[in-house]
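Structural characterization, general
If you want the building blocks of each chain, they are given just below.
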Amino acid sequence: MDAQTILLAMSLPSAITGFCFWLLERRLMKGQRAEEKKDEARRQNEAIVIEGVMAAITLGEATAKAVQRIPDAHCNGDMHDALTYATKVKIKHRDFIREQGIDALY
């Protein structure tokens, strides 16, 4: 065996192994990018859901306040209690989201 044959016999398996690892790394990176896109979509969905909940609470508060101003409407204590509860939940939720944002920064 001459030196050229020995060199070829040593480099060919290394080249094949390197190519296989390159293919594997490429596949893993593609999967990672897909997961990152899904995570971003989940985050956006979560933000939209939170905004929707806040909008619903705000709409409920506005409706309750409008009904309370109608002279013929006989609002019982349930309407006042519900309005107070909705306001407390909205403030509690807003504070929780704020804390989570601050925790994410630091």
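Above this text you will find the structure in question.
Now for a quick tour of the structure.

The rules behind the values
Residues numbered from 1 in each chain as written. Predicted model: local features only at pLDDT ≥ 70, side-chain atom pairs only at ≥ 80, totals over all residues. Heavy atoms only, no water. Helix = DSSP H or I, 4+ residues; strand = E, 2+ residues; numbered from the N terminus. Expected span 1.5 Å × (residues − 1). Buried < 20%, exposed > 50% of the residue type's maximum accessible area, 1.4 Å probe, protein only. Contact = heavy atoms within 4.5 Å. Patch = residues over 30% accessible without salt bridge, like charges linked within 9 Å, V, L, I, M, F, W, Y side chains within 5 Å. Areas by Shrake-Rupley, 256 points an atom, 1.4 Å probe, with all protein chains shown as cover. Salt bridge = Lys/Arg side-chain N within 4 Å of Asp/Glu carboxyl O. Lys, Arg positive; Asp, Glu negative; His and termini not counted. Charge placed at Lys NZ, Arg CZ, Asp CG, Glu CD.

A few points about helix H1 (residues 3-69)
Taking 1.5 Å of rise per residue, 67 residues should cover 99 Å, and H1 covers 98 Å from first to last C-alpha, within 8% of that figure. Of the residues making up H1, those classed as buried are Met54, Ile57, Glu61 and Ala64.

Considering the side chain of Glu61
Residue position: Glu61 is located in helix H1. Owing to a relative accessible area of 8%, Glu61 belongs among the buried residues under this scheme. The residues touching Glu61, leaving out its near neighbours within four places in the chain, are Leu83, Ala86, Thr87 and Lys90.

Considerations on a positive patch on the surface
A cluster of basic residues, Arg26, Arg27, Lys30, Arg33 and Lys37, forms a positive patch at the surface. With respect to the helices, strands and loops of the structure, Arg26 is situated in helix H1.

Some details on the pattern of salt bridges
Using the criterion set out here, one finds five salt bridges in the structure. Measuring nitrogen to oxygen at the nearest pair gives 2.5 Å for the salt bridge that ties Arg42 to Asp39. On the criterion of helical spacing, the pair formed by Arg42 and Asp39 is a turn pair, its members being three residues apart in helix H1. Judged by relative accessible area, which is 31%, Asp39 ranks as partly exposed.

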